[in-house]
Amino acid sequence: MKLRHLILLTGALCTLSPAVAQPSPARQEPCPGTCRITPQTMLCYETPLAPLADYLREYINVPKASDSMSADEAIVLSLDPALGSEAYSLHIRPHRIEIAGGDYGGAFNGVQALFRLLPPEVYAGQLKLPAEIACTKAEDAPRFPYRGMMLDVARTWIDAAGIKRYINLLSHHGINKLHLHLSDDEGWRIEIKSHPELTEIGGFRGGDSPVRPVYGKWDEKYGGYYTQQQMGEIIRYAAVRNVEIIPEIDLPGHSRNIASVHPEIRCNYPPDTVSTNGYDYRSAWCVAREANYALLSDILGEVCALFPSEYIHVGGDEVDMTQWKSCPDCRALMQRRGMTDPHQLEDLFMERMAAILAANGKRPGVWNEAVRTGSLAHDCRVYGWESVKACLDATAKGYQTVVMPGQYFYFDMRQTPHEDGHDWAAIFDARKTYGFDFAAQGFSAGQMRHVVGLEGTFFSEAYVSHEPEKPDYLDYMCFPRICALSRIAWSGNDEGWEAYYKELVSAHYDRMAAMGIRFRLFPPKVNYREGAFTATADDGSEIYYLVGDSPEEHRYTRPVKTDKPHLYRFFTRYKSGRSPLVADKSYYRTITPAVTITTSMGESKQFPCTNASGYKGLSRTRRACRQQDWVLYMFEQPVKCREMYLQTGNRQLPKTIITTGYAEVSYDGTTFERAGDLEKGSITLKPERPVQAVRIVSTCDDNGTPYVTIQPPQVKPVL
Ligand code: ACM
Ligand code: ZN
C-alpha cells in the first residue's frame, strides 16, 4: 500500500540539519533533540539483516553487536512484516536510531533514508564521526513494486566492476530491478556452460570472429562476457542492495549473434549474402526447426538456474518476419496450423519459451510486441517500450506491465538537439521523464491495477563509439534522468517540477558527486546582445566558455564582449557534473544550397539520393562500398561557407559509414584536389573559396553492412 496518501501526522515537517531531508517521506514528524552517531555507536540487527548490517558499515563505520537490540547508543535494524513489502519506518531518537523494514528491501530503504539525512560524504564512505542528526520519525513505502533500469551490455560491453558500480548507484536511488539485456545481434554476454561457443565466439565481434564488426571498434576484436561465477557474484552483490537482476535473452529476433555462431538456427532459404557483401543478415530463429527448441531449452535452463528472479525476459521485440515468410519450413508450419499471420508464429514461439521457463519454475518477461495478438498467457510480464499506446493496450488486455515508453524513459536519447545520443523516440531531459503522468496519458483505474512499475533504458548502440573518448557518457546520459525516474516510481510527482528541481540542485547534486556520478547539469542560459554575451546558471554551478576551436577553457565571471558571436560556447561544471555546450544559434545554423548527389554504389529504391539532396533525410546506397567507390555532391552554384560537414553512416547508429576514405574538393566542378581523410566516416571542410563539388572516395573493401548511408551536407553560412 502506498503510504503517501495517508493523512500526514500532525505537526509541521521538521527542519533537519543538514537541511537535506529530501525526499520527504510520506509520513514524517519532528521529535525533540538530536542524535549523535559516534565511533562507539553499536549496530544491532536481527539475524536475517546481517548482510544489510555489513553493507551499512561500509558507509557508517560503527561496530557490530547483533545481540543487543535494546541497547542505547545504537543503530537498530529490525523486521516488521506489518509494514508491508519494501516499506520502512525510521525513528531517530536522542540515543537510538531504529530502522524497521517490512522485509529486507524495506530495511534497505530505511537505511537509504538515513543516508539522506547525513552529509553527502556518507555516499563516498567518508562520513566523519561523530555525526549529528535532528530527531525525527518517518515512514514510507514505494508507489510501485517495480522500479527498474535496463542496461544493454550486448552492444557495448560493461564489465563486472562496471555493472556493480551501476547496481550500487541504482540502489542509492531506490531502483530495485536491473534488467540486463544480455544478448542481441551484436553480442552474447552470459556464459552457457553446455554451449561455451556462445560466449567464446559470440562474446566478441570483428577481427577473426564470424560475428561481423558493427558500431565502432572496426579494426579490433571487441567484446567480453560474464562467466556464471561472475554473474553469481553480481547477483549476490545486487541482492544485498535490494536489486533483483532480470536477465534478458532477446528472442526470436535480435539473434544475429547466435545465428553467426550457430547458422543452422536460421530459416531454411538461401543466405542473403549477395546484396550484402558477404554478410548474412538473417537475425531470427526459425520457428519450424524443432532442434532449435532443444538448444533454447539448454540456454534458458542454465539462465533459470543461475538467476533467482521469478521472471526471465525472453524478448519478443522487432522480429523481422520476412524471414519466416521466405522460409518453406515456417510457411509449411503456418499451413499445418491454419495460421494466416506470421505474428501467430511469434505467439507459438513465445508459448514454447513460456513452457521452457515454466518447466524451470519461471515466468516470461516480454517486450510489448509479443502480446499484440493478446494470445500469450497472462502470467507473463509485459515491458511496454514502443509507445504509451503499447502500454495502454497491454494493460487493457490485463497484462502486468512495466511502463517504459521510449519518449520518456529511453535514456540513450539525446537531451537537447545538439547533444550526443539517438533521437528516434524523442529528444528529452529529466524534466520530461519527471513529468510522466499516468492519468494525463489516459490510464484508467482498471489499467493502473496492471501497472507494476516503471523502467528506464539505456540501449548502447551509440555508446561504444563514445569510449574511451568520453568516459562520462553513460553517467551523463543516465543521470539525472534516473533520479527523475526513481522519484516518480517511488512517490510520484505531486510536488511539481520546480520543487523537485530545487531539491535536486540543493541536495541531490552533492550526493551524486559523492557517489562519483559524472552527471549532466542543465544547460546555462546564454544571451547575446549589443556585442556581449551574458550567461547564467540557476544551479550554483560555475560557468566556463570556449572560444573558436581552441580547447582552452575560460572561466565566465562577467559579460563577454565580442564581435564574433558564433565562436563562443558556454557550459557549466558543478563538482563531477557538467552541462552540454551552449552556443549562439548562429553557430549551429545551416543553409541548404541546391545539390545533386550521385554515387558509384547505386541508390536504394526506398532511400533514394534525392532524400539527402533535398535535405529531407537519409539516403542509402544499393550495396556496400568497395575501394574507389565514390559519392559526389555537385552544387548548383559555388557555395561560400565557413564550414561544410559531410557524413556517411548515421551519427546515432554509426555502422553504415565508409569506414576509411578521403574527400576531394573541386572549385570548378572538374578538377578535384584531396582535402583530407575521413574520420569515422565523416569530414569537416573549411573551404576558403566557394566550393562547386565534393567527392568522397572509399579506400575500404566492405564496411560490414549491406549499404552506405548518405546524409545531407551540413553547410554553415559565413557570418
Ligand atoms: C526495443 O527497444 N527494441 C525494446
Ligand atoms: Zn523458418
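The rules behind these values
- Residues numbered from 1 in each chain as written.
- Chains lettered and ligands numbered in written order.
- Predicted model: local features only at pLDDT ≥ 70, side-chain atom pairs only at ≥ 80, totals over all residues.
- Heavy atoms only, no water.
- Donors = N, O, S within 2.8 Å, 3.2 Å for Na, K, Ca; no water.
- Tetrahedral: all angles 85-135°; square planar, octahedral: opposite > 155°, others 65-115°.
- Helix = DSSP H or I, 4+ residues; strand = E, 2+ residues; numbered from the N terminus.
- Buried < 20%, exposed > 50% of the residue type's maximum accessible area, 1.4 Å probe, protein only.
- Expected span 1.5 Å × (residues − 1).
- Pairing = 2+ DSSP bridges.
- Axes fitted to C-alpha atoms, helices over the stretch in contact; angles between N-to-C directions.
- Salt bridge = Lys/Arg side-chain N within 4 Å of Asp/Glu carboxyl O.
- Contact = heavy atoms within 4.5 Å.
- Polar contact = N/O pair within 3.5 Å; in protein donor to acceptor, adjacent residues only side chain to side chain.

S.K.: I'd love a proper account of the coordination of the zinc ion (ligand 2), names of residues and values included.
M.R.: Within the protein, the atoms that donate to the zinc ion (ligand 2) are C267 (SG), C286 (SG), C327 (SG) and C330 (SG), at distances of 2.3 to 2.4 Å. Metal-centred angles of 105 to 115 degrees between the four donor atoms at the zinc ion (ligand 2) mark the site as tetrahedral. Mapping the donors of the zinc ion (ligand 2) onto the primary sequence yields the spacing C-x18-C-x40-C-x2-C. Residue C286 is found in the loop between α6 (256-261) and α7 (291-306), and its partner C330 is found in helix α9 (residues 328-337); the two are separated by 44 residues along the sequence. Under the relative-accessibility criterion, C286 is labelled buried at 1%. Under the relative-accessibility criterion, C330 is labelled buried at 0%.

S.K.: I'd like to hear about α7, residue by residue, with values.
M.R.: Helix length check: α7 (16 residues) gives 23 Å between terminal C-alpha atoms against 22 Å at 1.5 Å per residue, within 8%. Along α7, the positions that sit buried rather than exposed are N292, Y293, L295, L296, I299, L300, G301, E302, V303, C304 and L306.

S.K.: Tell me about the sheet that holds strand β36 (residues 714-716), and please be specific about residues and values.
M.R.: Across the sheet, which stays open at both edges, the three strands sit in the order β33-β30-β36 with antiparallel pairing between neighbours. Unpaired on one side and paired on the other, β33 (682-685) and β36 mark the two borders of the sheet. On average, each strand axis in the sheet is inclined to that of its neighbour by 10 degrees, with strand direction left out of account. With four bridges connecting them, strand β30 (residues 643-647) and β33 associate as antiparallel partners. Within the sheet, the bridge partner assigned to Y645 lies in β33 and is T684.

S.K.: A description of unusual backbone geometry should follow, citing residues and the corresponding values.
M.R.: Looking along the chain, the bond that leaves L251 and enters P252 is cis, with omega of -15 degrees. Secondary-structure assignment places P252 in the loop between β13 (244-251) and α6. Residue P480 follows F479 across a cis peptide bond; omega there is 15 degrees. Position of P480 among the secondary structure elements: in the loop between α15 (473-478) and α16 (481-490). The residue E530 is not glycine, and still its phi comes out positive at about 45 degrees. Along the chain, the position of E530 falls in the loop between β19 (525-529) and β20 (532-536). We classify E530 as exposed; its relative accessible area is 76%. Although it is not a glycine, K575 sits at a positive phi angle of roughly 50 degrees. By relative accessible area, K575 is classed as exposed at 57%.

S.K.: Explain the pattern of salt bridges to me, using residue names and the numbers behind them.
M.R.: Within the structure shown, the criterion is met by 38 salt bridges. Notably, a salt bridge pairs E58 with R241, separated by 3.6 Å at the nearest N-O pair. Of this pair, E58 sits in the loop between α1 (50-57) and β3 (74-79) while R241 sits in the loop between α5 (228-240) and β13, and the two are 183 residues apart along the sequence.

S.K.: Summarise the pairing of β20; cite the residues concerned and give the values.
M.R.: Alignment of β19 against β20, held across five bridges, turns out to be antiparallel. Paired with V526 across the strands is A535, a residue of β20. Joining the antiparallel neighbours β19 and β20 is a turn of two residues, in which E530 adopts a positive phi near 45 degrees. Pairing between β20 and strand β23 (residues 560-561): two bridges, direction antiparallel. Along β23, the bridge assignment pairs A532 with K561.

S.K.: Tell me about the side chain of Q112, and name the residues and values.
M.R.: Its place among the elements puts Q112 in helix α2 (residues 104-117). With sequence-adjacent residues up to four places away left out, Q112 is seen in contact with Y55, Y123, S171 and H172.

S.K.: Can you explain the environment of K575? Please cite residues and give values.
M.R.: In this structure, K575 sits in the loop between β24 (568-574) and β25 (577-578). Considering only alpha carbons, one finds K575 and D510, 65 residues apart in sequence, at a separation of 7.9 Å. A polar side-chain atom of K575 sits 3.0 Å from a polar atom in the side chain of D510.

S.K.: Break down the pairing of strand β34 (residues 691-698) for me, citing the residues and quoting the values.
M.R.: For β34, a buried count of seven out of eight residues is recorded, marking the element as mostly surrounded by other parts of the structure. Note that strand β29 (residues 630-639) and β34 share six bridges and pair antiparallel. Bridging across to β34, M634 finds its partner in A693. Relative to β34, strand β31 (residues 661-666) is paired through six bridges, and the arrangement is antiparallel.

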